[in-house]
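For reference, the chains in residue letters:
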Amino acid sequence: MIKRLMHSLVQTLILVIGITFLSFTLSYLSPGDPAEQMLKKGGMMVSEEALQKKREELGLDKPMLIQYGIWLKNLVKGDLGNSYKSRKAVAGELARTLPNTAALAGLSMLLVIVIATPVGILCAHDQNGVFDNIWRAVTYLFSSLPSFFVSLLFMYIFALRLKWLPVIGSNSWKGIIMPALVLSLTLSSWYIRQVRAIVLREMERGYLDGLRSRGIPQRRILFRHVLKNCMLPLVTLFGISLGNMMGGATIVESIFSWPGVGKLAVDSITARDYPMIQGYVVWMALIFLVINFLVDWSYRFLDPRVRREAA
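Residues numbered from 1 in each chain as written. Predicted model: local features only at pLDDT ≥ 70, side-chain atom pairs only at ≥ 80, totals over all residues. Heavy atoms only, no water.

**Student:** Can you walk me through the overall build of the chain in this structure?
**Tutor:** Summing up its helical and strand segments, the chain has 15 helices and zero strands in all. For the C-alpha atoms alone, the extent of the chain along its principal axes is close to 85 × 60 × 30 Å. Taken across its 311 residues, the chain has 40% of its residues classed as buried. Per element, the accessible surface of the chain, about 17,600 Å² overall, is 66% carbon and sulfur. (Helix = DSSP H or I, 4+ residues; strand = E, 2+ residues; numbered from the N terminus. Buried < 20%, exposed > 50% of the residue type's maximum accessible area, 1.4 Å probe, protein only. Areas by Shrake-Rupley, 256 points an atom, 1.4 Å probe, with all protein chains shown as cover.)

**Student:** In this structure, what is going on with the nonpolar core? I would like to understand it.
**Tutor:** One recurring pattern in soluble globular proteins: nonpolar side chains tend to sit buried together. Trp71, Met178, Tyr191, Val199, Met203, Val226 and Leu234 are the most contacted members of the largest nonpolar core, which has 65 residues in total. Setting aside anything within four residues of it in sequence, one finds Val226 in contact with Val199, Glu202, Met203, Tyr207, Leu208 and Ile221. In terms of nonpolar packing, the next biggest core, distinct from the first, is built from nine residues, Ala35, Met38, Leu39 and Leu51 among them. (Core = buried A, V, L, I, M, F, W, Y, C linked by side-chain atoms within 4.5 Å. Contact = heavy atoms within 4.5 Å.)

**Student:** What exactly am I supposed to notice about the packing of aromatic side chains here?
**Tutor:** To describe a pair of aromatic rings, one takes the distance between the centres and the angle between the planes. Considering all chains together, one arrives at nine aromatic pairs under this definition. Plain terms: the ring middles of Phe21 and Tyr68 are 5.2 Å apart, the flat faces sit at 80° to each other, and that makes the pair edge-to-face. One end of the pair, Phe21, is in helix H1 (residues 2-29); the other, Tyr68, is in helix H4 (residues 64-76), with 47 residues separating them in the sequence. With a centroid separation of 5.5 Å and 70° between ring planes, the pair formed by Phe24 and Tyr68 is classed as edge-to-face. (Phe/Tyr/Trp six-rings, centres within 6.5 Å; stacked < 30°, edge-to-face > 60°.)

**Student:** Hey, could you run me through the state of the cysteines in this one?
**Tutor:** Two cysteines, two sulfur atoms, one covalent bond between them: this is a disulfide. Counted according to the given criterion, the structure contains zero disulfides. Here Cys123 stays unpaired: no disulfide links it, and the sulfur of Cys230, its closest cysteine neighbor, is 14 Å away. What makes Cys230 buried here is its relative accessible area of 1%. (Disulfide = S-S within 2.5 Å.)

**Student:** Before we go on, may I ask you to explain the environment of Lys62 in this structure?
**Tutor:** Along the polypeptide, Lys62 turns up in the loop between helix H3 (48-58) and H4. The class for Lys62 is partly exposed, based on a relative accessible area of 33%. Between the C-alpha atom of Lys62 and that of Asn82, which follows or precedes it by 20 residues, the distance is 18 Å. In contact with Lys62, not counting residues within four places along its chain, are Gln67 and Ile70.

**Student:** Help me understand the pattern of salt bridges in this model?
**Tutor:** Oppositely charged side chains can pair when the atoms bearing their charge come close. Applying the stated criterion to the full structure yields five salt bridges. In this structure, Asp132 and Arg196 form a salt bridge, with 3.0 Å as the shortest nitrogen-oxygen distance. Placement of the pair is Asp132 in helix H6 (residues 130-144) and Arg196 in helix H8 (residues 177-202), with a sequence separation of 64 residues. Of the two residues examined, Asp132 and Arg196, each falls in the buried class. Across the salt bridge formed by Glu202 and Arg205, the nearest N and O atoms sit 4.0 Å from each other. Judged by its relative accessible area of 7%, Glu202 is buried. (Salt bridge = Lys/Arg side-chain N within 4 Å of Asp/Glu carboxyl O.)

**Student:** Even after reading the chapter, I still don't get the environment of Val290, so can you show me in this structure?
**Tutor:** Positionally, Val290 belongs in helix H14 (residues 274-302). We classify Val290 as partly exposed; its relative accessible area is 42%. Spatially, the C-alpha atom of Val290 lies 22 Å from that of Leu264, the residues being 26 residues apart in sequence.

**Student:** Would you take a moment to explain the side chain of Thr186 for this structure?
**Tutor:** Mapping Thr186 onto the fold places it in helix H8. A polar atom in the side chain of Thr186 sits 3.0 Å from the backbone oxygen of Leu183. (Polar contact = N/O pair within 3.5 Å; in protein donor to acceptor, adjacent residues only side chain to side chain.)

**Student:** Could you clarify how one ought to interpret the packing of helix H11 (residues 231-246) against H14 in this entry?
**Tutor:** Relative placement of two packed helices is described by the angle separating their axes and the distance separating the axes. Running from amino to carboxyl end, H11 crosses H14 at an angle of 160°, the nearest separation of the two axes being 9 Å. One element, H11, and the other, H14, form an angle in the roughly antiparallel class. Crossing of H11 against H14: the hand is right-handed. When H11 is examined against H14, the residues Met231, Leu232, Val235, Thr236, Gly239, Ile240, Leu242, Gly243, Asn244 and Met246 are found in contact with a partner set consisting of Trp283, Ile287, Phe288, Ile291, Val295, Ser298, Tyr299 and Leu302. Looking at the contact of H11 with H14 residue by residue, the class counts come to 13 nonpolar, five polar and no charged. (Axes fitted to C-alpha atoms, helices over the stretch in contact; angles between N-to-C directions. Parallel < 35°, antiparallel > 145°, perpendicular 65-115°, else oblique. Left-handed = near helix turned anticlockwise from the far one by under 90°. Nonpolar A, V, L, I, M, F, W, Y, C, P; charged D, E, K, R; others polar.)

**Student:** Please clarify how unusual backbone geometry should be interpreted in this entry.
**Tutor:** What you tend to see is this: most non-glycine residues have negative phi, and most peptide bonds are trans. Located in the positive-phi region is Asn128, a residue other than glycine, with phi close to 65°. Using a relative accessible area of 53% as the deciding quantity, one classes Asn128 as exposed. A positive phi angle, close to 55°, is found at Lys163, a residue other than glycine. The class for Lys163 is exposed, based on a relative accessible area of 64%.

Scope: geometric values only; no functional claims are made or implied.
This is how it looks when you write it as structure tokens:
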């Protein structure tokens, strides 16, 4: 177990270095000069002397490998640098926005699980029936609509026409409802089809004939036996989506002005805020690695065959 844990840590270290180096290289090669943009925003004269002085202040006058080495050395110390835009610590800015993204991701995933799991199972139970056909049409409709269109549609209906919810998201419970609904509906449309396909595949197994021969009701077979054996692929799917949303739903957060990590990343890219972009990349790499690690270890608790194989 310790050997496997050490192997995972080494892999994590190599992946983080590779991902951060690639993003640092892309940022370095991207068009635009952060020093020039900062001077223009501050209303200063953009002369060559002022540009050179600003680049020296930001450390942009050094070669790319030296810049990356300095950044990596500071990262080991837990220092992600300061934002070019706000002049505040990148770690502090990420810590400020992470609770909002975590709340949005948690509520959205809860709604997805509550909606998609029972509906997908019932669609598989009523394969090609009325219930199945209705939900297949609904899921095809919502999955074909982009999230920005659904967001604008919800804004028009619930904020402008009915005036039930605020147009711009805030930290109140009302501000999180529309972004969470948009994310959960678009994701549920895809997950219902995935759950249906997984359950239909499991229903072809031979052990179900033995359960039916004992007179066990079909609903009980579905929710007590089939669902239990479908947990591994379902946990994998939900884990991947949770990682995506913990990185911030950039489009939805930007439309609703939800103060999360995704909106912070979009604003940083627009402002050429390279330290903030690098901090966001580190966060995305770590959250996916952690979630993949937790999903992998959860298999041991969900499936005794995995425990026996590991032993």
